[in-house]
Amino acid sequence: VSRNIAINVHHLTRVEGHGNIVVNVTDGKIEKMQWQVPEAPRFFEAMIRGRHYTEVARITSRICGICAIGHTLASVKATENALGIDVTPQTFKLRTVIKHAENFDSHILHIYFLVAPDLFGAPSVFPLVPTHTEVVVRALRMKRFAHEWGALLAGRTTHPTRVIPGGFAEYPTEAELKNLRQRLIDLQPDLDATVQTVLSVAHKVPSFERQTEYMALSSDKEYAVYDGVIQTVMPDGKKQRWPVAEYKSVTNEYVVPQSTAKYSKNKMGSYMAGALARFNNNYDQLHPEAKKLAEALKFKPLCFNPYMNSVAQLVEVVHTAKDSIRLLDEVLRDGFKPEELVKPKKFGRGQGSVEVPRGILFHEYDYDEEGICRGGNCIIPTNQNHGNIQLDFEALVPRLLAAKEDEKAIELGLEMLVRAYDPCISCSTHYLKVDFKR
Amino acid sequence: MNAKKKARIAFFDFACCEGCQVELTNLSDPIFVGLLDHVEFVEWREVMKEQTTEPIDIAFIEGSFTRESDRARLEDIRNRASIVIAYGACSATAGINAMKNHTTDYGEFVYGKDAAMPHLDSQKALPISAAIKVDYALHGCPIDRAEFVRVVSDLLHGKQPLIPNYPVCVECKMRETVCRYDLDDHCLGLVARAGCGAPCPADGIPCEACRGFWDNPNEEALEEILRSKGGLSAERARDKSRMFTATMRRDAK
């Protein structure tokens, strides 16, 4: 078939940050198919040099406006690891509730505002305001609730104030925690309606599979989001684990010419991080209600369709709400009280990792004996996904061409693919340094 | 602006985290939907595929000016918009991005041998006012949602928006927050521009002056107080205010 196709999506819309999609086909031959990242780099490493350990998370939080909670938690955990600080069980649980709030918040934003317009055939959420008022109002209501949920414990969701090395700088009251617990229970009708909305358009999720490696935090205790070890699952179902301190040996970052963000790979040409990677690695530990939803959707691990990442997010929306009720029950049962900060025991190098909405996030810092930061490194989930997006393009474009899809359909298919990853491009071009200098 | 027609609003972003745009999704359903009775979003890449070739009434620009190659896009937005608002700290003062400005080795430090690759170019972080005329600034990292609504409302009513120009200390006194200096901590509230309601000291952490300096900051006194009352080393006291006000300091490059 002699076909010419020229797709040039400059600054893809409805994603966080700036990315381009370029596909050139001449006489049926694919000459170029690239996922490009032209986002302006921001050099966070140069910013944290010389900063006191109490200030570092406040700076690295600013890497991302959507996952600021995750960056704060990963940063504070890395600092605590470097300083020999073991936080209390109450801090661990309350921070897990905050992590759940962020994943819920970001997933709602992604599902309703960034993905749903494609499935409803609209260019954005705004044309849906008059036609699907109830859906848009529900989305805004749930987004606001997620913000209040996170802010109650973290102070703010965009660049949290209260999470600091050693614990919390300030606490809500017990009555406020009980109120949050009740509001999570009262969320049920909105959760049910969200599931129904997604079910009504689920048949429009493209079917495309490509086998790849999936990486996520994993824990023997729970569906890991705040803490765990690194785990990957291969297409044959084999799982392997590594300590967080060895994160560089599994992320292997490298620079490519089409991107201001670095790429990653482990055992295969690329790997995927994010909700689908967590689902594929840790399905058994999901809350029963979340599993029930997955079963109703006939969605089970291992799933190799990257478009299903948005559906995995929906499953996690249910999980985060239900698991937060459990955690709050435990905190209240054990006697909630404001606690003193745990003090540093040493100064050195430490690593921290959490599961942000888009996947596994690593922070690492080096502190001198005065508690001053001398170097750092952050590896962001979107960086880890850039290579996988590129390889998906290389598998998907020939299939769409063979299916005789027209240029517009190919363009939409690729845009939807990138959006399914929910990329956080500002994050991925943060630029922290890999090597340490003293 | 025509009072009968909805104001045409657009959002644009440069070097930033887009968190100030995300803040708008936290406005709550009645406020956000209510806003849509008065304004029309005509271009907003983060949440819309739609773009416009028609004039824009109010353009909100998030992010710093860090690459000469971004100047043309900024000028294009200026030419299309009646009012340009620097939206958030990165845009208004270059915010946290300017923390690297006093260093010269950031490229090599981050990329090593790859630093010379042309697409990795980045100059000093500057406020967008270094490239184009800016009419108003919404300060803060992140912006204050209530201030956003108030400024939009003022503009729709043909009112000049008032941006507070006094120190954050005033707001701590008003909400009766105990001073950080009385709790063996330090704080930049005495030189920081108010308008946020001083949430950070109330949450148990120092103000880092994310809204920039107010118009009359006493930097010598700040450095002295950070040392004598805040217990900071001479080096930390000197560098402390680089986090959000690097482009506003006396030694700004």
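Residues numbered from 1 in each chain as written. Chains lettered and ligands numbered in written order. Predicted model: local features only at pLDDT ≥ 70, side-chain atom pairs only at ≥ 80, totals over all residues. Heavy atoms only, no water.

A. Main features of a nonpolar patch on the surface. Nonpolar side chains collect at one region of the surface, where Tyr-166, Val-170 and Met-174 of chain B lie side by side and expose about 290 Å² of accessible area between them. Judged by its relative accessible area of 65%, Met-174 of chain B falls in the exposed class. (Patch = residues over 30% accessible without salt bridge, like charges linked within 9 Å, V, L, I, M, F, W, Y side chains within 5 Å. Areas by Shrake-Rupley, 256 points an atom, 1.4 Å probe, with all protein chains shown as cover. Salt bridge = Lys/Arg side-chain N within 4 Å of Asp/Glu carboxyl O. Buried < 20%, exposed > 50% of the residue type's maximum accessible area, 1.4 Å probe, protein only.)

B. Structural detail: the sheet that holds strand S2 (residues 20-26) of chain A. Residues and elements named next belong to chain A. With antiparallel pairing, the three strands of this open sheet are ordered in space as S1-S2-S3. A single partner strand is all that each edge strand has here, and the edge strands are strand S1 (5-9) and strand S3 (29-36). On average, each strand axis in the sheet is tilted by 5 degrees relative to the strand beside it, whichever way the strands run. Bridging between S2 and S3 involves seven bridges; their strand directions are antiparallel. By the bridge assignment, Ile-21 is partnered in S3 with Trp-35. Of the strands in this sheet, S1, S2 and S3 are in contact with helix H13 (residues 381-402), which crosses S3 at around 150 degrees. Relative to S1, helix H14 (residues 407-420) is tilted by about 35 degrees, and along the sheet it contacts S1, S2 and S3. (Pairing = 2+ DSSP bridges. Helix = DSSP H or I, 4+ residues; strand = E, 2+ residues; numbered from the N terminus. Axes fitted to C-alpha atoms, helices over the stretch in contact; angles between N-to-C directions. Contact = heavy atoms within 4.5 Å.)

C. Fine view of the nonpolar core. Ile-21, Trp-35 and Phe-299 of chain A together with Phe-41, Phe-60 and Phe-148 of chain B are the most contacted members of the largest nonpolar core, which has 168 residues in total. Counting residues in each nonpolar core, the second largest holds 18 residues, with Phe-12, Ile-56, Ala-92 and Ile-128 of chain B among its members. (Core = buried A, V, L, I, M, F, W, Y, C linked by side-chain atoms within 4.5 Å.)

D. Main features of the interface of chain B and chain A. Taken residue by residue, the interface counts 64 residues in chain B and 70 residues in chain A. Interface area for chain B against chain A, summed over the two sides, is near 5700 Å², with a carbon-plus-sulfur share of 60%. On the surface where chain B and chain A come into contact, there are five salt bridges. With a closest N to O distance of 2.8 Å, Asp-203 of chain B and Arg-162 of chain A form a salt bridge. Taken together, the links from chain B to chain A amount to 20 residue pairs in polar contact (both at pLDDT 80 or more). Secondary-structure elements contributing two or more residues to the side of chain B that touches chain A are helix H1 (19-24), helix H2 (29-35), strand S2 (39-44), helix H5 (106-111), helix H8 (199-202), helix H10 (234-239) and helix H11 (242-245) of chain B. With five residues, the top contributor of residues to the side of chain B that touches chain A is H5 of chain B. When the residues that make up the side of chain B that touches chain A are grouped by side-chain class, the tally is 31 nonpolar, 12 polar and 21 charged. (Buried area = accessible area lost by both parts, 1.4 Å probe. Polar contact = N/O pair within 3.5 Å; in protein donor to acceptor, adjacent residues only side chain to side chain. Nonpolar A, V, L, I, M, F, W, Y, C, P; charged D, E, K, R; others polar.)

E. Fine view of the sheet that holds strand S11 (residues 359-367) of chain A. Residue and element names in this part refer to chain A. In spatial order, the strands read S10-S11-S12; together these three strands make up an open sheet with antiparallel pairing. Only two strands of the sheet have a single neighbouring strand rather than two, namely strand S10 (349-356) and strand S12 (373-379). Neighbouring strand axes in the sheet, compared pairwise and without regard to direction, differ in orientation by 15 degrees on average. Bridge count for S11 against S12 is six bridges, and the pairing is antiparallel.

F. Just the packing of aromatic side chains, in detail. Across all of its chains, the model carries 26 aromatic pairs over all chains by this definition. Plain terms: the ring middles of Phe-11 of chain B and Phe-41 of chain B are 6.2 Å apart, the flat faces sit at 35 degrees to each other, and that makes the pair tilted. One end of the pair, Phe-11 of chain B, is in strand S1 (residues 7-13); the other, Phe-41 of chain B, is in strand S2, and 30 residues separate them in sequence. For Phe-41 of chain B, a relative accessible area of 7% translates into the label buried. By way of ring pairs, the aromatic residues Phe-126 of chain A together with Phe-11, Phe-32, Phe-41, Trp-44, Phe-60, Tyr-87 and Phe-148 of chain B are connected into one cluster. The ring of Phe-168 of chain A carries the charged tip of Arg-95 of chain A above its face, separated from the ring centre by 5.9 Å. (Phe/Tyr/Trp six-rings, centres within 6.5 Å; stacked < 30°, edge-to-face > 60°. Lys NZ or Arg CZ within 6 Å of the ring centre and 35° of its normal.)

G. Representation of the confidence of the model for chain A in the model. On average, residues of chain A carry a pLDDT of 92, and 96% of them reach 70 or more. When the criterion is pLDDT under 50, residues 432-438 of chain A qualifies, and its contacts beyond four places in sequence or with other chains add up to 31 contacts. (pLDDT = per-residue confidence, 0-100.)

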